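# Descriptive analysis of the structure
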Amino acid sequence: EDITARRKDAHLDLCAKGEVEPVENSTLLEHVHLVHCAMPEMAVEDVDLSTPFLGKQLRYPLLVTGMTGGTERAGAVNRDLALVAERHGLAFGVGSQRAMAEDAARAVTFQVRQVAPTVALLGNIGMYQAVGLGVDGVRRLMDAIGADGIALHLNAGQELTQPEGDRDFRGGYEIVRALVGALGERLLVKETGCGIGPEVARRLVELGVRNLDVSGLGGTSWVRVEQLRASGVQAKVGAEFSTWGIPTAAAVATVRTAVGSQVRLVGSGGIRTGLEVAKVLALGADLAGMALPLFRAQQEGGVEGAERALEVILTGLRHALVLTGSRSCAELRRRPRVVGGVLKDWMAAL
Ligand code: FNR
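Position labels on residues start from 1 in each chain and follow its written sequence. Note on the predicted model: pLDDT of at least 70 is required for a residue's local features to be given, and 80 or more for side-chain atom pairs to be given and counted; whole-chain, interface and lining totals, by contrast, use all residues. The side-chain quantities take in all heavy atoms of the structure and omit both hydrogens and water.

What follows is about the pairing of strand 10 (residues 264–267). Here 3 bridges tie strand 9 (residues 211–213) to strand 10, and the two strands are oriented parallel to one another. Of the residues in strand 10, the one forming a bridge with Asp-213 is Val-266. For the crossover that starts at strand 10, traverses helix 11 (residues 274–282) and ends in the parallel strand 11 (residues 287–290), the hand is right-handed. Only strands joined by at least two bridges in the DSSP assignment are considered to pair. Working definition: helices are DSSP H or I runs of at least four residues, strands are E runs of at least two. Numbering for both runs from the N terminus. Here a crossover is taken to be right-handed if, once the strands point away from the viewer, the path from the first strand over the helix to the second is traced clockwise.

Pasting the structure below:
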């Protein structure tokens, strides 16, 4: 087993059982209140949540964000969750394809087309690995798994906490410019739990990026994951920075204002319920994204476990639509909402 693969399985163990969601962190979605409509004048069947993404039509505005690949166990996670996404009309992302860039024999653990022939599928690679791979290398990763697009992930907080992590974050915008030229709307840029703010979002959109996933603070903390693996200085500083980031609600609301309506915006990072999905959609996201809860449900109960967890989320989402009197995401976005607490301060400052 090489280092990348061993680290991957250590990460999966920590995410399955460890305290990787610091309790002091919040998405700030508790400060968003959707407004009850006592007379919705619609049936539950009238709710239509279909949403375009990556040239396909999703049945639900939900992305299973990239998590894993590279080991046998990781391959099973990918296949199970891709199958669930295929069955229910969600989008699905594999985790970092670095392992298969380093060793082609690992490609099979990222292959999900056999179980998910029509799912809207995203490949995944780190921004700074993309700098090394170049445009052709990144395109090959996407094509090798038959993906509809590829996510470039940002994780400076994680890298700094990882003893063997990157220390040089130059050249990102340059590779983004080149990748936009080659891949156009098939490119997505995402964070991994510390959030993308309006300034970075605006620069990315100016370069032509048309899909963003804010992946804000409030759920899985990759600084915390690395803190749990680290010792000494790295562990101490990791503890300090596992609360670092832009809360998901603040990131979604301010990025949407900054980039206008031509950008497909994914709201992820700590989304755990259907009502929270509805709240990020109301704040301006086109889709919500989720990683940890579906991973844990899959680890506990396989495909069926993940489907049971998903049913609770989708039912809650439908209820939120009916109880606000909204037939679609577009209608939900036009409904009133109350924003309070410290979220108001974030929205005013960014
Ligand atoms: C992740 N995440 C992630 N992101 C990415 O772009 N590439 C990756 O390889 C991984 N790997 C990974 C593994 C596991 C087990 C988890 C739980 C997460 C980050 C993920 O896509 C997401 O941005 C964050 O986890 C925040 O969402 P949740 O988990 O709070 O819903």
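What follows covers helix 10 (residues 248–259). The end-to-end C-alpha separation of helix 10 is 16 Å, in line with the 16 Å expected for 12 residues at 1.5 Å each. With a 1.4 Å probe rolled over the protein chains alone, any residue whose accessible area is under 20% of its type maximum counts as buried; one over 50% counts as exposed, and the rest are partly exposed. Counting buried residues along helix 10, 10 of its 12 residues qualify, which places the element largely inside the surrounding structure. Within the span of helix 10, buried status applies to Thr-248, Ala-249, Ala-250, Ala-251, Val-252, Ala-253, Thr-254, Val-255, Arg-256 and Val-259. At its buried positions, helix 10 is contacted by helix 7 (198–206), strand 9, strand 10, helix 11 and helix 14 (341–349). Immediately beyond the C-terminal end of helix 10, within one or two residues, lies Gly-260, with a positive phi of roughly 70°. Multiply 1.5 Å by the residue count of a helix minus one, and that product is the helix's expected span. The contact criterion used is simple: two residues touch if any of their non-hydrogen atoms lie within 4.5 Å.

Attention shifts here to the site of the ligand. Throughout this document, a residue counts as near a molecule or strand when at least one of its heavy atoms sits within 4 Å of that molecule or strand. Met-67, Ser-96, Ser-215, Thr-220 and Arg-272 are the nearest of the 23 residues found near the ligand. Here a polar contact is recorded for every N or O atom pair within 3.5 Å, except that within protein the pair must consist of a potential hydrogen donor and a potential acceptor, and residues adjacent in sequence are included only if both atoms are side-chain atoms. Contact distances for the ligand include 2.8 Å between an oxygen atom and a side-chain N or O atom of Asn-124. Surface burial for the ligand is 97%, taken as the share of its 610 Å² of free accessible area covered by protein chains. The dominant element in the shell around the ligand, judged by the number of residues it contributes, is helix 1 (residues 3–17), at 3 residues. Only Asp, Glu, Lys and Arg are considered charged in this grouping, and only Ala, Val, Leu, Ile, Met, Phe, Trp, Tyr, Cys and Pro are considered nonpolar; every other residue, Gly among them, is considered polar. The residue makeup of the shell around the ligand, split by class, is 7 nonpolar, 12 polar and 4 charged. Calculation of accessible area relied on Shrake-Rupley with a 1.4 Å probe; when residues are assessed, cover is drawn exclusively from the protein chains displayed.

Angles shown run from 0 to 180 degrees and are taken between the N-to-C directions of axes, each axis being a line fitted to C-alpha atoms and, for helices, limited to the stretch in contact. Remark: helix 1 packs on helix 12 (residues 292–323), axes separated minimally by 9 Å, with the N-to-C direction vectors making an angle of 95°. Considering their axes alone, helix 1 and helix 12 lie roughly perpendicular with respect to each other. Contacts from Leu-12, Cys-15, Ala-16 and Lys-17 in helix 1 reach Leu-292, Phe-295 and Arg-296 in helix 12. In terms of residue class, the contact of helix 1 with helix 12 is made up of 5 nonpolar, no polar and 2 charged. The cut-offs work like this: below 35 degrees is roughly parallel, past 145 is roughly antiparallel, 65 to 115 is roughly perpendicular, and the gaps in between are oblique.

Glancing now at the sheet that holds strand 7 (residues 149–153). What holds strands together in a sheet is hydrogen bonding between their backbones, with the strands either parallel or antiparallel. The 8 strands lie next to each other as 4-5-6-7-8-9-10-11, forming a closed barrel whose pairing is parallel. Here the average twist between neighbouring strands, direction ignored, is 25°. In this sheet, strand 6 (residues 120–126) lies alongside strand 5 (residues 91–93) in parallel orientation, the contact comprising 3 bridges. Each residue of the ladder has a partner; that of Phe-92, found in strand 6, is Leu-121. Strands strand 4 (62–64) and strand 5 of the sheet are contacted by helix 2 (residues 72–88), whose axis makes an angle of about 165° with strand 5.

Backbone geometry places Leu-28, a non-glycine residue, at a positive phi of 70°. The topology assignment puts Leu-28 in the loop between helix 1 and strand 1 (32–34). Even without being glycine, Leu-54 reaches a positive phi, approximately 55°. On the secondary structure map, Leu-54 appears in the loop between strand 2 (51–53) and strand 3 (56–58).

Attention now moves to the packing of aromatic side chains. What counts as a ring pair is set by centres within 6.5 Å for rings of Phe, Tyr and Trp (its six-membered ring), and what kind of pair is set by the plane angle: stacked under 30 degrees, edge-to-face over 60, tilted for all other angles. As enumerated under the stated definition, the model contains 2 aromatic pairs in all. On the basis of an interplanar angle of 75° and a centroid distance of 5.4 Å, the ring pair of Tyr-128 and Phe-169 is categorised as edge-to-face. With a gap of 41 residues between them, Tyr-128 in helix 4 (residues 127–144) and Phe-169 in the loop between helix 5 (156–161) and helix 6 (172–183) connect regions that are remote in the sequence. A relative accessible area of 22% places Tyr-128 in the partly exposed class. A ring pair is formed by Phe-241 and Trp-244, whose centres lie 5.5 Å apart and whose planes are at 55°; its orientation type is tilted. The class of Trp-244 is exposed, set by a relative accessible area of 56%. Only when the NZ atom of a Lys or the CZ atom of an Arg is both within 6 Å of the ring centre and within 35 degrees of the ring normal do we say a charge sits over the ring. The residue whose ring lies beneath Arg-203 is Tyr-173, and the NZ or CZ to ring-centre distance is 3.8 Å.

Note on terminology: disulfide describes a covalent bond linking the sulfur atoms of two cysteines. In this description, a disulfide is simply a cysteine sulfur pair whose atoms lie within 2.5 Å. In this structure the tally under the stated criterion is 0 disulfides. The thiol sulfur of Cys-15 is not disulfide-bonded, and the nearest other cysteine sulfur, from Cys-194, lies at 14 Å. Judged by its relative accessible area of 7%, Cys-15 falls in the buried class.

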